[in-house]
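Structural overview for review
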Amino acid sequence: MIYLILASIIILVIIYKRYFPVLGVKYFQLGELDLSKVKILDIRDYNESYKNPIEGSLNIPLGYLKRNINEIPHLDLHLVVSSLLEKNVGARVLRQKGYRVVGYSFESSKLNESHFEIKANC
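It should be emphasised that the depicted structure is a prediction, and the values quoted were computed from it without experimental measurement.

Okay, the sheet that holds strand E2 (residues 38–42) next. The 5 strands lie next to each other as E1-E5-E4-E2-E3, forming an open sheet whose pairing is parallel. One side of each edge strand has no neighbouring strand; the edge strands of this open sheet are strand E1 (26–27) and strand E3 (58–59). Sheet topology places E1 next to strand E5 (residues 100–106); 2 bridges connect them, and they run parallel. Counted as the bridge partner of Lys 26 is Gly 103 from E5. With respect to the sheet, helix H3 (residues 84–96) is in contact with E2, strand E4 (76–81) and E5, its orientation differing from that of E4 by roughly 155°.

Predicted confidence across the chain gives a mean pLDDT of 85, with 88% of residues reaching 70 or more. Of all the helices and strands in the chain, helix H4 (residues 109–112) carries the lowest mean pLDDT, 49, while E4 carries the highest, 94. The low-confidence segment residues 111–122 (pLDDT under 50) makes 3 contacts with residues lying over four places distant or belonging to another chain.

This next bit is on the packing of aromatic side chains. The full count for this structure, using the stated rule, is 5 aromatic pairs. Between Tyr 104 and Phe 106 the ring centres are 5.7 Å apart and the planes differ by 90°, which places this aromatic pair in the edge-to-face class. By relative accessible area, which is 11% here, Tyr 104 ends up buried. With relative accessibility at 28%, the residue Phe 106 sits in the partly exposed group. In this structure an aromatic cluster arises from ring pairing among Tyr 27, Tyr 104 and Phe 106. Sitting over the face of the ring of Tyr 104, Lys 87 holds its NZ or CZ atom 4.9 Å from the ring centroid. Note that Arg 92 overlies the ring of Tyr 16, its terminal NZ or CZ placed 4.8 Å from the centroid.

Rules and cut-offs
Residues numbered from 1 in each chain as written. Predicted model: local features only at pLDDT ≥ 70, side-chain atom pairs only at ≥ 80, totals over all residues. Heavy atoms only, no water. Pairing = 2+ DSSP bridges. Helix = DSSP H or I, 4+ residues; strand = E, 2+ residues; numbered from the N terminus. Contact = heavy atoms within 4.5 Å. Axes fitted to C-alpha atoms, helices over the stretch in contact; angles between N-to-C directions. pLDDT = per-residue confidence, 0-100. Phe/Tyr/Trp six-rings, centres within 6.5 Å; stacked < 30°, edge-to-face > 60°. Buried < 20%, exposed > 50% of the residue type's maximum accessible area, 1.4 Å probe, protein only. Lys NZ or Arg CZ within 6 Å of the ring centre and 35° of its normal.

What follows is the structure, encoded as structure tokens:
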């Protein structure tokens, strides 16, 4: 019974860290940012970030964030992500390391692609 309770607690903690939103991190468009106050950190995967690069951003994918934490300047950070899961995990990792994450934005090649068009041959 104790093992079941411990397993349940561990699963709930994992779900919380991955899927519950981080408080104080707001959505902003990239054009709205004052780049003199904020450093843009692109935590998208390399496969996505090289297709749609963001000028002036520091690109460290989420999987390499803990390993390359020393490359990030101690400024207010704005995250560029491709999913809410990346935002939640990235913001929590950076806050544990003492960084201040103030916002995020979505930037994905999927958002820029047009939808399929259905054409009828008449």
